[in-house]
Amino acid sequence: MAKFKLDEIDHQILDMLIDNTRIPFTDIAKKLVISAGTVHVRVKKMEEAGIIRGSSLTLDYKKLGYSFIAYVGVFLQNTSQTKFVLERINQIPYVTVAHITTGKFNIFCKIRAKDTTHAKEIIFLLDDIEGIYRTETMISLEESINDKKRLMHTIFNEL
């Protein structure tokens, strides 16, 4: 697939969508002095090129009772079990992120829980997965930075 070329209008559209994924195309069009149809067509092309892959919703997990965050490093008995283990990890809804990694751990997970008791239950679920040799957990004291927007703005400014 050929690389999709973004122009300045595309950058500006993406910039506005990054700041507010729910902004109406008519508002974007007014700010850029183009038609809403042009915005729609450009967004559609960026979706088809795989640059835009949906939009997201940001939740306040603390208000939902899930303020506990921990990171769990997973050691596998054998790296050939990675796919099998990831399929089992994916069945635990409290594991919100999982990465295959190099270094100390084979897999590194982020979990969200209600409290330490709930986190312990989740970690025990992980420990019970066939192929996991052991886990090592780090508790997050505070999520100080969680800002995808800065990275996206930087990437678009570099293009």
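Residues numbered from 1 in each chain as written. Predicted model: local features only at pLDDT ≥ 70, side-chain atom pairs only at ≥ 80, totals over all residues. Heavy atoms only, no water.

Caption draft 1: Inspection of the packing of aromatic side chains at higher detail. Throughout the structure, instances matching the rule amount to four aromatic pairs. Judged by centre distance (6.1 Å) and plane angle (15°), the ring pair of Y66 and Y94 falls under stacked. Separated by 28 residues along the polypeptide, Y66 in the loop between α3 (36-48) and β1 (68-76) and Y94 in the loop between α4 (82-89) and β2 (95-100) bring together distant segments of the chain. Note on Y94: relative accessible area 28%, which makes it partly exposed. Put simply, the rings of Y71, F75, F105 and F108 pair up and form one aromatic cluster. (Phe/Tyr/Trp six-rings, centres within 6.5 Å; stacked < 30°, edge-to-face > 60°. Helix = DSSP H or I, 4+ residues; strand = E, 2+ residues; numbered from the N terminus. Buried < 20%, exposed > 50% of the residue type's maximum accessible area, 1.4 Å probe, protein only.)

Caption draft 2: Examining the UniProt feature "domain: HTH asnC-type" (unreviewed entry) in the protein chain more closely. The UniProt feature table records "domain: HTH asnC-type" (unreviewed entry) at residues 6-67. What you have in residues 6-67 is 53% helix and 0% strand, and the ends, taken at the C-alpha atoms, are 39 Å apart. (UniProt positions renumbered as here; feature names shortened; annotations may be inferred.)

Caption draft 3: Quick peek at the pairing of β1. Most of β1 sits out of view: eight of its nine residues are buried. With seven bridges joining them, β1 and strand β3 (residues 107-113) adopt antiparallel strand pairing. Residue pairing in the sheet places G73 in a bridge with F108 of β3. As judged from the seven bridges shared by β1 and strand β4 (residues 132-139), these two strands associate in the antiparallel manner. In the strand pairing of β4, F75 is matched with R134. (Pairing = 2+ DSSP bridges.)

Caption draft 4: Here's a closer look at the nonpolar core. Core analysis: the largest hydrophobic core is formed by 19 residues, its most contacted members being I89, V95 and I111. Listed by contribution, the elements that provide at least two residues to this core are β1, α4, β3 and α5 (116-127). If one sorts the elements of this core by residue count, β1 sits on top with five residues. In this view, I89 contacts V95, A98, I107, C109, L126 and I129; residues no more than four positions away in its chain are not counted. (Core = buried A, V, L, I, M, F, W, Y, C linked by side-chain atoms within 4.5 Å. Contact = heavy atoms within 4.5 Å.)

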